[in-house]
Amino acid sequence: MTLLELISTGGFTMVILALCSLISLGIIIERYRYYHKRSKAKRQDFMSNVKREMDRGELNHALRVCETTDTPFAKVAHAGLSLHGHPEREISNNMDRAAIVENNLLERHTGIVGTIGSTAVYIGLFGTVLGIIRAFMDISTSGTGGINVVSKGISESLVCTAAGLIVAVPSVMAYNYFLKRIGDFNTDMELCASEVIDMTVGKNARKS
């Protein structure tokens, strides 16, 4: 059966699942590209470059390194270095705010994929129930219970169930992948913030 035939067999429930599948696929592709683009730079190499510039006393060059690195931890480092010389609390709070902003950007639309993954199965089951209801209605209308009478309702049931699983499984897998990547980004931001504190407040404390 072609895709259009499957949708026609499954009824309007299949239309809902098809829309969910398109939305989920679009978000998965967009999020994968977003994460991939922002994971090209390695935190260790980035911090080595920043530390080298800071050891030279080139704060502006260190900020430039942050600005030219398109990663969440670079934004956090920039927020901290931009307040170089200020009290530790101000630097830490500014980096915390930057981390919250970056985390919101990382989580954008991921909840939709998680919702689709958790509800697609139930949408498919809803189509299954409708198919079974149609089968019994056909039996009641015809007065007989032959296989030809109930085949349409049963086929609708099976198609919707299968479609719900097909939509749900990749969505759940993608959502778990998103959570793992977001966790990795957050770890890098926390480590980067700690190192920036050591480079700014710690260095000033040693001098005093």
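Everything that follows concerns the structure shown earlier in this document.
Below is a short write-up of the structure. (Residues numbered from 1 in each chain as written. Predicted model: local features only at pLDDT ≥ 70, side-chain atom pairs only at ≥ 80, totals over all residues. Heavy atoms only, no water.)

Considering the overall build of the protein chain
Here comes step 1: Assigned secondary structure in the protein chain consists of eight helices and zero strands.
Here comes step 2: Starting at the N terminus and walking to the C terminus, you meet the elements of the protein chain as α-α-α-α-α-α-α-α.
Here comes step 3: Taking all 208 residues of the protein chain together, 38% fall into the buried category.
Here comes step 4: Taking the intrachain contacts of the protein chain between residues at least 6 apart in sequence as the baseline, contacts between residues at least 24 apart amount to 75%.
Here comes step 5: Summed over all atoms, the accessible surface of the protein chain reaches about 11900 Å², with 62% contributed by carbon and sulfur. (Helix = DSSP H or I, 4+ residues; strand = E, 2+ residues; numbered from the N terminus. Buried < 20%, exposed > 50% of the residue type's maximum accessible area, 1.4 Å probe, protein only. Contact = heavy atoms within 4.5 Å. Areas by Shrake-Rupley, 256 points an atom, 1.4 Å probe, with all protein chains shown as cover.)

Quick word on the nonpolar core
In a soluble, globular protein the nonpolar side chains are often hidden away together inside.
Here comes step 1: If you look at the biggest cluster of nonpolar residues, it comprises 33 residues, and the most contacted ones within it are Phe46, Val50, Leu81, Met95 and Val196.
Here comes step 2: Residue assignment for this core shows that the elements contributing at least two residues are helix H2 (12-37), helix H3 (43-55), helix H4 (59-67), helix H5 (72-81), helix H6 (88-107) and helix H8 (147-207).
Here comes step 3: Here this core gets eleven residues from one element, more than from any other, and that element is H8.
Here comes step 4: Every residue in contact with Met95, bar those within four places of it in the chain, is listed here: Val76, Ala79, Gly80, Ala193, Val196 and Ile197.
Here comes step 5: Membership of the second largest hydrophobic core comes to eleven residues, among which are Met14, Leu17, Ile123 and Ala163. (Core = buried A, V, L, I, M, F, W, Y, C linked by side-chain atoms within 4.5 Å.)

Observations regarding the pattern of salt bridges
Here comes step 1: Per the counting criterion, the structure on display carries nine salt bridges.
Here comes step 2: Note that Glu195 and Lys51 form a salt bridge whose closest N and O atoms lie 3.2 Å from each other. You can see Glu195 sitting in helix H8 and its partner Lys51 sitting in helix H3, a full 144 residues away along the chain.
Here comes step 3: Classification of Lys51 as partly exposed rests on a relative accessible area of 35%.
Here comes step 4: Because the salt bridges share partners, they merge into one network encompassing Arg43, Lys51, Asp188 and Glu195. (Salt bridge = Lys/Arg side-chain N within 4 Å of Asp/Glu carboxyl O.)

Topic: the packing of H5 against H6
Two numbers describe a pair of packed helices, the interaxial angle and the distance between the axes.
Here comes step 1: For the pair H5 and H6, the least separation of the axes is 8 Å and the interaxial angle reads 155°. In terms of axis orientation, H5 runs roughly antiparallel to H6. Like other packed secondary-structure pairs, H5 and H6 cross with a definite hand, here right-handed. Where H5 abuts H6, its residues Pro72, Lys75, Val76, Ala79 and Gly80 lie against Ile91, Asn94, Met95, Ala98, Ala99, Glu102 and Leu106.
Here comes step 2: Class assignment for the residues of the contact of H5 with H6 results in eight nonpolar, two polar and two charged. (Axes fitted to C-alpha atoms, helices over the stretch in contact; angles between N-to-C directions. Parallel < 35°, antiparallel > 145°, perpendicular 65-115°, else oblique. Left-handed = near helix turned anticlockwise from the far one by under 90°. Nonpolar A, V, L, I, M, F, W, Y, C, P; charged D, E, K, R; others polar.)

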